[in-house]
Amino acid sequence: MGQPSRAASDVLRRLDACGLGDVARGIARSHYVDPMAMLGTSRSRAHVLARDALLATAHDLSGRSSVELGGLFAMDHTSVLAAIRRHRARVARSVERVA
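In this report, we go over the structure that sits alongside the text. Just so we're clear, the structure is a prediction, and the values are computed from it rather than from any experiment.

1. Quick word on the nonpolar core
For soluble globular proteins, nonpolar side chains are generally found buried alongside one another.
Inference 1: Counting 24 residues, the largest nonpolar core has Leu15, Met38, Leu39, Leu54, Leu55 and Phe73 as its most contacted members.
Inference 2: At the level of elements, helix 1 (8-17), helix 2 (21-30), helix 3 (35-39), helix 4 (45-62), helix 5 (66-73) and helix 6 (77-98) are the ones that each hand at least two residues to this core.
Inference 3: Broken down by element, the residue count for this core peaks at six residues, all from helix 4.
Inference 4: Apart from the residues lying within four places of it in its own chain, the contact partners of Leu55 are Leu69, Phe73, Met75, Val80, Ala83 and Ile84.

Structure representation (structure tokens):
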């Protein structure tokens, strides 16, 4: 059995089913990006930043493992871990600048 569909509409449907759809829409809105583009395969900086924030937030809120999140987002679990690490590093740098 292969990876689930990476189509943005399929990802959003899976997120809605597990209660993370509104979180995804909220993060997309706060990053001023289209939710479908954020959930797709776009490598644009704005979409990647929003997707990283979503993966880190979904991990924190849901307590799901990187493997489970990978299944929801149709991503490899190592890509999920990398996104979470990137987001947390960005947040830490921005906190250091403020302090």
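2. Considerations on helix 1
Inference 1: Residues of helix 1 that are buried include every one of Ala8, Asp10, Val11, Leu12 and Leu15, and no others.
Inference 2: Structurally, helix 1 contributes buried residues whose contacts are with helix 2, helix 3, helix 4 and helix 5.
Inference 3: Once helix 1 finishes, Gly19 follows within two positions and takes phi at roughly 85°, a positive value.

3. A short note on the pattern of salt bridges
Inference 1: Taken as a whole, this structure holds six salt bridges when the rule is applied.
Inference 2: Between Asp22 and Arg25 there is a salt bridge, and its shortest N-O distance comes to 3.5 Å. With Asp22 and Arg25 both in helix 2 and three residues apart, the pair spans about one turn of that helix.
Inference 3: Take Asp22: its relative accessible area is 62%, and that puts it in the exposed class.
Inference 4: Residue Arg25 is classed as partly exposed on the basis of its relative accessible area, which comes to 27%.
Inference 5: Residues joined in a network through salt bridges with shared partners are Asp16, Asp22 and Arg25.

The rules we used
In this numbering scheme, every chain counts its residues from 1 along its sequence in written order. Totals for whole chains, interfaces and linings use every residue, but because this is a predicted model, local features are given only for residues with pLDDT of at least 70 and side-chain atom pairs only at 80 or more, for both listing and counting. Each side-chain value is derived from all of the structure's non-hydrogen atoms; neither hydrogens nor water enter the calculation. To form a nonpolar core, buried Ala, Val, Leu, Ile, Met, Phe, Trp, Tyr and Cys residues must be joined to one another through side-chain atoms within 4.5 Å. Each residue is assigned to one of three classes by its accessible area relative to the maximum for its type, calculated with a 1.4 Å probe on protein chains only: buried under 20%, partly exposed between the two thresholds, exposed over 50%. The helix count covers DSSP runs of H or I at least four residues long, the strand count covers runs of E at least two residues long, and both are numbered beginning at the N terminus. Residues count as neighbours in contact if any of their non-hydrogen atoms are within 4.5 Å of one another. Within this document, salt bridges are pairs made up of a side-chain nitrogen of Lys or Arg and a carboxyl oxygen of Asp or Glu, the two lying within 4 Å of each other.

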